[in-house]
Amino acid sequence: MEAQFCTEAEERGIARALPLVLSLFCGSGAAALIYEIVWYQLLQIAIGSTAISLGVLLATFMGGLCLGSLGLPMLLHRFPAMRRHALRIFATIEGLIAVCGAAELIIIPLAGELSLQGPQAGFAGMALRSLACAVCLIPPTCLMGASLPALAAWAGSGSRGARSCGLLYAANTAGAVLGCLLAGFYLLRLFNVDVASWAAITLNLILASTAFALSKWMGATGAEESHARTSAVFAQLSSSWPICLAMALSGMVALGSEVVWTRAMGLLLGATVYAFSIILAVYLAGLAIGTAAASLLRNSKPRLALGWCQMLAAAGIAWTAYALANSLPWWPIDPQLSRDAKFTFQLDLARTIWGILPATLFWGASFPFAFAAVFRDVQNRAAAAGAVYAANTVGAIAGGLAASLFAIPLLGTQNTERALIAISAASALLLLFPLMRSGRITRLELAAGAATGLMALFIWQVDALPGELIAFGRRTASSAGMARILYSAEGRNTSIAISRWNDGAVQFHVAGKVEASTESYDMRLQRMLAHLPGLMHPAPRSVLVVGFGGGITAGTFTTYPTMQRIVICELEPLIPPVSTRYFAKENYNVLHDRRTRMIYDDARHFIAATREKFDIITSDPIHPFVRGSAALYSREYFELVKAHLNPGGVVTQWVPLYETDADTVRSEIATFFDVFPYGTVWANNANGQGYDLVLAGQMTPPSFDLSALESRLARSDYRAVAQSLRDVNLDSATDLFATWTGDRKTLAPWLKDAAINHDRDLRLQYLAGLALNNAQENTIYREMLLYRTRPVSLFRGTPEQLDSLYAAMEAGLDEGFGHGTPGSATKPDSSE
């Protein structure tokens, strides 16, 4: 046996220093969350944003925490004298984390570059991305995982030590809440990953120096102990296996639920960086509150309390399942009633608390009860705290990966929630069953039986997410009754739906956002993204299409007689076959065209890894307010695109004018022009009002010969091209090119001081996330038209053709100064 005790003087010293140590550990949690968000952003660019890539990132990050929580206690057991200097160990850990934080700014981009040199597909590609993550994340996360066991060795003995460990975990989690909000709403919104990282590094260094000074003031503090063999420690830990198993199941359920809830709440709130920060902050706040409350309770039966926490957490999951399916989507909310982001944040916070807080309180309360239960069997406090933390982390890794990669795409949210409730209830029974007495029915048995029956009822009552939520997202309530859901499904990377609007238009939705439709203005935009570069290039033979959507842009390229290769990069494998089922006529059945090659990967990662070049690259990503999508609007992304164009190549990029503001649009256009100085802007209006834009980039100054273009469309082999244009009311090349709105020179005054979107800041997603409820599309378009002049040097042709072109432009100018917006008040805006 390994005896441990603290002297009365040391206990008093620990009690006096505890508030300061709690503050230090709170700061440690804040720094850790800043790092986590920064590293997630950097690694998403380095290894891609597919569900598999992000799953690897999650497993690596949490795996490092687990290794650290197990490794330090083994080190302390090997060198028992070190336990008397736990605060110095904590100071050293914080200092080393600061060193790693600085190094990651160089290592992560370098690892991403190196990973592009090897295989990208299949198991080999996944292994390479895993190796890149491991190299980057294992060292700092091992240190982060070691911090709790280090302080557990200092925290005192007996029940007081268990309470202190619970309070330490609560403080660390509370700090994580602060770090999450600080990074999401301030550091990354106003600065970049470098500034955010150095803020965390500075905090680590302050914590390290303060902890070191405190250790000198307190001197050697901690338990005097005899040296016991490792086998004795493991024997003590083995007697606590039900506690560790229950905590592993608790971690599995907790992180599995977080994955489910983040995805579903993202539909409801809009999936911005701010919505993600709010969801994560509420989740962590629930853990912190639950941990703190349970730590302050004097409980003589921690195993019993831990069991009931798991049962109550199961009830909390059932509550959230009800809220997501039957309550929150139908709150009578119109997102466009206010443009002020602070009101949106307040409402999002209220809905998130209402939806997900209850279960998190009981997961948080589980930790101090688990510490107290294990501390009774294991005198090595560092090993006991490390075992509880590691078990929870291992379960969290399993739960997060299982939910994101398998459960949601195979079972759906409904059955995944049912499974999570069942697992949580089972972990409760694992702890409660041994406490039941044989021979007679006790109150505990009656309560456990009743609770189990109630959980079974809750499982049966869980409803599926409504198709309207998948289709209309944050506009579910305001769109009620305006469309019929034809199809909905949940894929590995996102959720999709097909709806038929009351006017007969068919719409394709991704994650609560319309991405393609048969509406006339959407069809025109989807065709323009193909026809503008298709006609600008004299004879396009290869094209890369970023995003399948409805397949309409990709399918338009099948009409070009010279086209030999159509490569389509799509993140979600569910999308192409479903879109083809409903849009085969409009997209020319491109999925089954012999020239088509589908790539199921993050488009940016594919472009960075491939050596292939293309005559045309057209990019129609999801709206820039969606978290992570700004990486497809950054200067570095456009440089990648430029490097993969053949000589004479053309790139087109979609830019929405709806659900945004002028600063966001200026940033998108200015960033594009920074890479393509000869770029041009083309407008797709709806009912004469501004709606969205197409940016076209070439590597040489453009010049368009209307006579040559009209002759080309009149050729027999271009008959399908001409018909495709007429189908969207563009009856000639003149009609298409009359949509010209400006270029870098004409728009220079309007673009002055626009923010350039870089990979290191992804500023665009923070700008766009503040403006997603705006309806200023025509106002923004009118601002741009103020700078438009006759492009006499851009077009050539007969006098009649030029007169017709300028007349069409003037007609568009007059229409652009109308009032109102194209149906945005009644119908969700869309783009492929």
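### Topic: the overall build of the chain
Link 1 in the chain: Counting secondary structure elements, the chain contains 27 helices and 16 strands.
Link 2 in the chain: On C-alpha atoms alone, the chain measures out to a radius of gyration of 29 Å, which is about the 28 Å that the 2.2 N^0.38 rule sets for 832 residues.
Link 3 in the chain: Principal-axis analysis of the C-alpha atoms places the extent of the chain at approximately 100 × 55 × 45 Å.
Link 4 in the chain: Out of the 832 residues belonging to the chain, those deemed buried represent 62%.

### Some points on a nonpolar patch on the surface
Link 1 in the chain: Where nonpolar side chains cluster on the molecular surface, the patch consists of L182, Y186, L190, F191 and V195 and spans about 390 Å² of accessible area.
Link 2 in the chain: Overall, Y186 belongs to the partly exposed group, its relative accessible area being 38%.

### Observations concerning the pairing of strand β13 (residues 689–698)
Link 1 in the chain: Most of β13 is tucked away: 10 of the 10 residues are buried.
Link 2 in the chain: Relative to β13, strand β11 (residues 645–656) runs antiparallel, the two being bridged by 7 bridges. Note on β13: the bridge partner recorded for W654 is V694.
Link 3 in the chain: Note: strand β12 (residues 680–686) against β13, 6 bridges, orientation antiparallel.

### Considering the packing of aromatic side chains
Link 1 in the chain: Under the definition given, this model contains 33 aromatic pairs.
Link 2 in the chain: When the centroid spacing of 5.8 Å and the interplanar angle of 90° are considered together, the rings of Y560 and Y718 count as edge-to-face. Taken together, the residues span a long stretch of sequence, with Y560 in the loop between α16 (552–556) and β8 (565–570) and Y718 in the loop between α21 (706–714) and α22 (719–726) at a distance of 158 residues. By the burial criterion, Y560 is buried, and Y718 matches it.
Link 3 in the chain: Ring centres of F704 and F737 lie 5.2 Å apart, and the angle between their planes is 45°; this geometry places the pair in the tilted category.

### Regarding the nonpolar core
Link 1 in the chain: Residues W154, W261, W363 and F371 are the most contacted members of the largest nonpolar core, which totals 152 residues.
Link 2 in the chain: Among the elements that make up this core, the one with the highest residue count is helix α1 (residues 8–47) (21 residues).
Link 3 in the chain: Residues in contact with W363, not counting those within four places in the same chain, are S250, V253, A254, S257, W261, Y283, L287, A313 and I317.

### Section: the sheet that holds β13
Link 1 in the chain: One open sheet holds the 8 strands; their spatial order is β9-β8-β7-β10-β11-β13-β12-β15, and the pairing between them is mixed. Of all strands in the sheet, those with a lone pairing partner are β9 (596–600) and β15 (740–743), marking the two edges. Within this sheet the neighbouring strands show an average axis-to-axis angle of 20°, counted without direction.
Link 2 in the chain: Note that strand β7 (residues 542–546) and strand β10 (residues 614–619) share 4 bridges and pair parallel. Residue pairing for β10: L544 is matched across the bridge by I617.
Link 3 in the chain: Where helix α15 (residues 520–536) meets the sheet, it contacts β10, β11, β12 and β13, and its direction lies at approximately 155° from that of β12.

### Describing the pattern of salt bridges
Link 1 in the chain: Going through the model one piece at a time under the given rule, you end up with 15 salt bridges.
Link 2 in the chain: One salt bridge in this structure joins R351 and D348, with 3.0 Å as the shortest N-O distance. Here R351 and its partner D348 are both found in helix α11 (residues 341–377), 3 residues apart, which amounts to about one turn of the helix.
Link 3 in the chain: Its relative accessible area of 6% is what places R351 among the buried residues.
Link 4 in the chain: Across the pair R666 and E783 runs a salt bridge, and its minimum N-O distance is 3.9 Å. Here E783 lies in helix α26 (residues 777–785) and R666 lies in helix α20 (residues 662–675), a separation of 117 residues in the sequence.

### Things to note about the packing of helix α9 (residues 273–296) against α11
Link 1 in the chain: Viewed as axis vectors pointing N to C, α9 and α11 meet at an angle of 35°, and their least axial separation amounts to 6 Å. Every pair of crossing elements has a handedness; the one defined by α9 and α11 is right-handed.
Link 2 in the chain: By residue class, the composition of the contact of α9 with α11 is 18 nonpolar, 7 polar and 1 charged.

### Observations concerning α22
Link 1 in the chain: The set of residues buried in α22 consists of V721, A722, S724 and L725. Buried residues in α22, looked at end-on, bunch into an arc of 160°, giving them a common side.
Link 2 in the chain: For α22, the elements touching its buried residues are α15, α16, α21 and α23 (733–737).

### Quick look at the sheet that holds strand β5 (residues 506–510)
Link 1 in the chain: Strand order in the open sheet made by the 4 strands is β3-β4-β5-β6, with antiparallel pairing throughout. Whereas interior strands pair on both sides, the edge strands pair on one side only; in this sheet they are β3 (483–490) and β6 (513–517). Here the average twist between neighbouring strands, direction ignored, is 25°.
Link 2 in the chain: Sheet topology note: the strand β4 (residues 495–501)/β5 ladder contains 5 bridges and is antiparallel. When the sheet's bridge partners are listed, S499 is paired in β5 with Q507.

### Notes on the pairing of β4
Link 1 in the chain: For β4, a buried count of 6 out of 7 residues is recorded, marking the element as mostly surrounded by other parts of the structure.
Link 2 in the chain: Bridging between β3 and β4 involves 7 bridges; their strand directions are antiparallel. Residue pairing for β4: I485 is matched across the bridge by S499.
Link 3 in the chain: Hairpin geometry of β3 and β4 is characterised by an intervening segment of 4 residues between the two adjacent antiparallel strands.

### Overview of helix α8 (residues 241–269)
Link 1 in the chain: With 29 residues, α8 extends 40 Å from end C-alpha to end C-alpha; this agrees with the ideal 42 Å at 1.5 Å per step.
Link 2 in the chain: Among the 29 residues in α8, 24 count as buried, and that is most of the element.
Link 3 in the chain: Trailing α8 by a residue or two, G270 shows a phi angle of about 115°, which is positive.

### Comments concerning the packing of helix α10 (residues 302–327) against helix α12 (residues 381–432)
Link 1 in the chain: Contact geometry of α10 with α12 gives a least axis separation of 7 Å together with a crossing angle of 165°. By the criterion of interaxial angle, the relationship of α10 to α12 is roughly antiparallel. When you trace α10 past α12, the crossing you get is left-handed.
Link 2 in the chain: Of the residues assigned to the contact of α10 with α12, the class counts are 17 nonpolar, 4 polar and 2 charged.

### Topic: the confidence of the model for the chain
Link 1 in the chain: Averaged over all residues, the pLDDT of the chain equals 90, while 91% of them reach at least 70.
Link 2 in the chain: Taken together, the stretch residues 1–5 has pLDDT below 50 and engages in 26 contacts with residues farther than four places along the chain or on a different chain.
Link 3 in the chain: Scored below 50 in pLDDT, residues 223–228 shows 21 contacts in the model against residues more than four places distant or in partner chains.

### Considering the side chain of T580
Link 1 in the chain: Topologically, T580 is positioned in helix α17 (residues 575–583).
Link 2 in the chain: With a relative accessible area of 8%, T580 lands in the buried category.
Link 3 in the chain: Residues contacting T580, with those up to four places away along its chain left out, are F548, N587, N589, L591 and H592.

Cut-off values and rules
Numbers given for residues are sequential positions, taken from 1 along each chain in its written order. Per-residue local features are limited, in this predicted model, to residues with pLDDT of at least 70; the limit for side-chain atom pairs, both in listing and counting, is 80 or more; totals at the level of whole chains, interfaces and linings are taken over all residues. Note: side-chain values were computed over all heavy atoms of the structure, leaving out hydrogens and water. The way it works is that DSSP assigns letters per residue, a run of H or I at least four long becomes a helix, a run of E at least two long becomes a strand, and they are numbered from the N terminus. Only the C-alpha atoms count toward the radius of gyration. The rule for a globule is 2.2 Å times the residue count to the power 0.38. Exposure categories follow from relative accessible area, calculated using a 1.4 Å probe and restricted to protein chains: below 20% of the type maximum is buried, above 50% is exposed, and the middle band is partly exposed. Excluding any residue in a salt bridge, patches collect residues exceeding 30% relative accessible area, merging like charges within 9 Å and nonpolar Val, Leu, Ile, Met, Phe, Trp and Tyr side chains within 5 Å. Method for areas: the Shrake-Rupley scheme with a 1.4 Å probe, in which residue coverage is limited to the protein chains shown. A pairing counts as a salt bridge when a side-chain nitrogen of Lys or Arg comes within 4 Å of a carboxyl oxygen of Asp or Glu. Two strands qualify as a pair provided that DSSP identifies no fewer than 2 bridges between them. Put simply, two rings from Phe, Tyr or Trp (the six-membered ring, in Trp's case) pair if the centres are within 6.5 Å, and we call them stacked under 30 degrees between planes, edge-to-face over 60, tilted for the rest. Residues grouped as a nonpolar core are buried Ala, Val, Leu, Ile, Met, Phe, Trp, Tyr and Cys residues, joined through side-chain atoms within 4.5 Å. Throughout, a contact is declared for two residues whenever any of their heavy atoms are within 4.5 Å. Inter-axis angles, ranging from 0 to 180 degrees, are taken between N-to-C directions of lines fitted to C-alpha atoms, where helices are fitted over the stretch in contact. Crossings are sorted by hand: turned counterclockwise from the far helix by less than a right angle, the near helix makes the crossing left-handed, and turned clockwise it makes it right-handed. All residues other than Ala, Val, Leu, Ile, Met, Phe, Trp, Tyr, Cys, Pro, Asp, Glu, Lys and Arg, Gly among them, are scored as polar; the first ten of these are nonpolar and the last four charged. To obtain the arc, one takes the directions from the helix axis to the C-beta atoms. Here a helix's expected span is defined as the number of its residues, less one, multiplied by 1.5 Å. Comment on the angle field: the value is read as roughly parallel under 35 degrees, roughly antiparallel over 145, roughly perpendicular from 65 to 115, and oblique elsewhere. How sure the predictor is of each residue is captured by pLDDT, a score from 0 to 100.

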